[in-house]
Amino acid sequence: MGSILKPIIYRLFVGMGKELSDSVDTSPIVIKLVSGKWAPKESVRSNVSIPMQISLTEALQKSRNIPTIKIAEELGWDMIEKLLIDYVPNLIVPLSEYPSQLLGSIELSFQNVAFAFDKFIQDECHDIIDGVRDPDNSSLLTLSDPKSTTLAPVIQSKIGGLSFFGKTGTSNKGNDNWFVAFDGRYSAIS
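Keep in mind the model is a prediction, meaning the values are calculated, not measured.

Before going further, it helps to examine the overall build of the protein. If you tally the helices and strands in the protein, you get six helices and seven strands. Along the chain direction, N to C, the helices and strands of the protein fall in the order α-β-β-β-β-α-α-α-α-α-β-β-β. Out of the 190 residues belonging to the protein, those deemed buried represent 45%. Taking contacts inside the protein between residues at least 6 apart in sequence as the whole, the part at least 24 apart equals 65%. Carbon together with sulfur atoms contributes 53% to the accessible area of the protein, which is approximately 9900 Å² in total.

The next thing to look at is the nonpolar core. Across soluble globular proteins, you tend to see nonpolar side chains buried next to one another. If you look at the biggest cluster of nonpolar residues, it comprises 42 residues, and the most contacted ones within it are Met1, Ile8, Tyr10, Leu84, Val88 and Leu102. At the level of secondary structure, the elements contributing two or more residues to this core comprise α1 (6-15), β2 (31-33), α2 (56-61), α3 (65-75), α4 (77-84), α5 (110-129) and β6 (176-182). Among the elements that take part in this core, α1 stands out by supplying six residues, more than any other. The contact partners of leucine 102, leaving out residues within four places of it in the chain, are Leu5, Lys6, Ile9, Thr68, Ile69, Ala72, Trp77, Ile80, Leu84 and Leu95.

Okay, the packing of α1 against α5 next. Helices that pack against each other are described as a pair by the angle of their axes relative to one another and the distance between those axes. The interhelical angle for the contact between α1 and α5, taken along N-to-C directions, is 40 degrees, at an axis separation of 10 Å. Considering the angle they form, α1 stands oblique to α5. Considering only the axes of α1 and α5, their crossing is left-handed. Between α1 and α5, the contacting residues are Pro7, Ile8 and Arg11 on the first element and Ala116, Phe117, Phe120, Asp123, Glu124 and Asp127 on the second. Residue composition of the contact of α1 with α5, by class: five nonpolar, no polar and four charged.

The next thing to look at is the pattern of salt bridges. Pairing of side chains with opposite charge becomes possible as their charged atoms draw close. Summed over all chains, the structure comprises six salt bridges. Note that aspartate 127 and arginine 11 form a salt bridge whose closest N and O atoms lie 2.9 Å from each other. On the criterion of sequence distance, the pair formed by aspartate 127 in helix α5 and arginine 11 in helix α1 is long-range, its members being 116 residues apart. We classify aspartate 127 as buried; its relative accessible area is 15%. For the salt bridge of aspartate 25 with lysine 70, the shortest nitrogen-to-oxygen distance reads 2.6 Å. Residue aspartate 25 is located in strand β1 (residues 23-25), and its partner lysine 70 is located in helix α3; the two are separated by 45 residues in the primary sequence. Residue class for aspartate 25 comes out partly exposed when judged on its relative accessible area of 26%. One network of salt bridges, in which partners are shared, links Arg11, Glu124, Asp127 and Arg133.

This part covers the side chain of serine 138. Secondary-structure assignment places serine 138 in the loop between α5 and α6 (139-142). On the basis of relative accessible area, serine 138 is assigned to the buried category, the value being 0%. In this structure the side chain of serine 138 is engaged in a polar contact, spanning 3.2 Å, whose partner is the backbone nitrogen of leucine 140. One polar contact links the side chain of serine 138 to the main-chain amide nitrogen of leucine 141, over a distance of 3.2 Å. Among all residues touching serine 138, those that are not within four sequence positions of it are Leu20, Glu124, Ile128 and Arg133.

With nine of 10 residues buried, α1 is to be regarded as a mostly interior element. One or two residues past the end of α1 sits glycine 17, with phi positive at roughly 110 degrees.

This structure, assessed with the given rule, holds two aromatic pairs. Taking the centre distance of 5.7 Å and the plane angle of 75 degrees together, the rings of phenylalanine 117 and phenylalanine 120 count as edge-to-face. Linking phenylalanine 117 with phenylalanine 120, this pair stays in helix α5, spanning three residues, or about one helical turn. Summarising the burial analysis for this pair, phenylalanine 117 and phenylalanine 120 share the class buried. A cation over a ring is seen here: lysine 119 above tyrosine 87, with NZ or CZ 5.0 Å from the ring centre.

Calculation rules
- Residues numbered from 1 in each chain as written.
- Predicted model: local features only at pLDDT ≥ 70, side-chain atom pairs only at ≥ 80, totals over all residues.
- Heavy atoms only, no water.
- Helix = DSSP H or I, 4+ residues; strand = E, 2+ residues; numbered from the N terminus.
- Buried < 20%, exposed > 50% of the residue type's maximum accessible area, 1.4 Å probe, protein only.
- Contact = heavy atoms within 4.5 Å.
- Areas by Shrake-Rupley, 256 points an atom, 1.4 Å probe, with all protein chains shown as cover.
- Core = buried A, V, L, I, M, F, W, Y, C linked by side-chain atoms within 4.5 Å.
- Axes fitted to C-alpha atoms, helices over the stretch in contact; angles between N-to-C directions.
- Parallel < 35°, antiparallel > 145°, perpendicular 65-115°, else oblique.
- Left-handed = near helix turned anticlockwise from the far one by under 90°.
- Nonpolar A, V, L, I, M, F, W, Y, C, P; charged D, E, K, R; others polar.
- Salt bridge = Lys/Arg side-chain N within 4 Å of Asp/Glu carboxyl O.
- Polar contact = N/O pair within 3.5 Å; in protein donor to acceptor, adjacent residues only side chain to side chain.
- Phe/Tyr/Trp six-rings, centres within 6.5 Å; stacked < 30°, edge-to-face > 60°.
- Lys NZ or Arg CZ within 6 Å of the ring centre and 35° of its normal.

Spelled out as structure tokens, the structure:
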């Protein structure tokens, strides 16, 4: 499923007390698993220098892997696992032994991806409308300006002025590509 899972993950982070304006360290991390050591890496397309501290907003918009894992480790694998299972019922547990799932290394059917994003969009919209979530703390709205996300390099002048939620995801060294979008009325997955 690749990085399309990250908006859901960041929704959970905010629900657990994080603010998208909070800073996170971007330095490398090594996690000790029963199966051995694991070190998340940034995308090979991330050949730009990354500051040592970035906001959660930037981590989400630029789809950074290391900050995602650092926040999850800080907040606790067990709690994230309990919340994430509502979106991804076939999550492999314990999450603490399979943390790469937070970066999208999980297989889901097209129907399960659609279910996860329908739930995510509904939950985000209801929380904003009901005043439970500040719009500035919404991963849905944070990814609604394509010019500030990973979509920026591919946005053409015809759609560059539009506002819509969109998130890309790749896996298997770029062989599998996903895209989810929502324009306030319609959602799309490809």
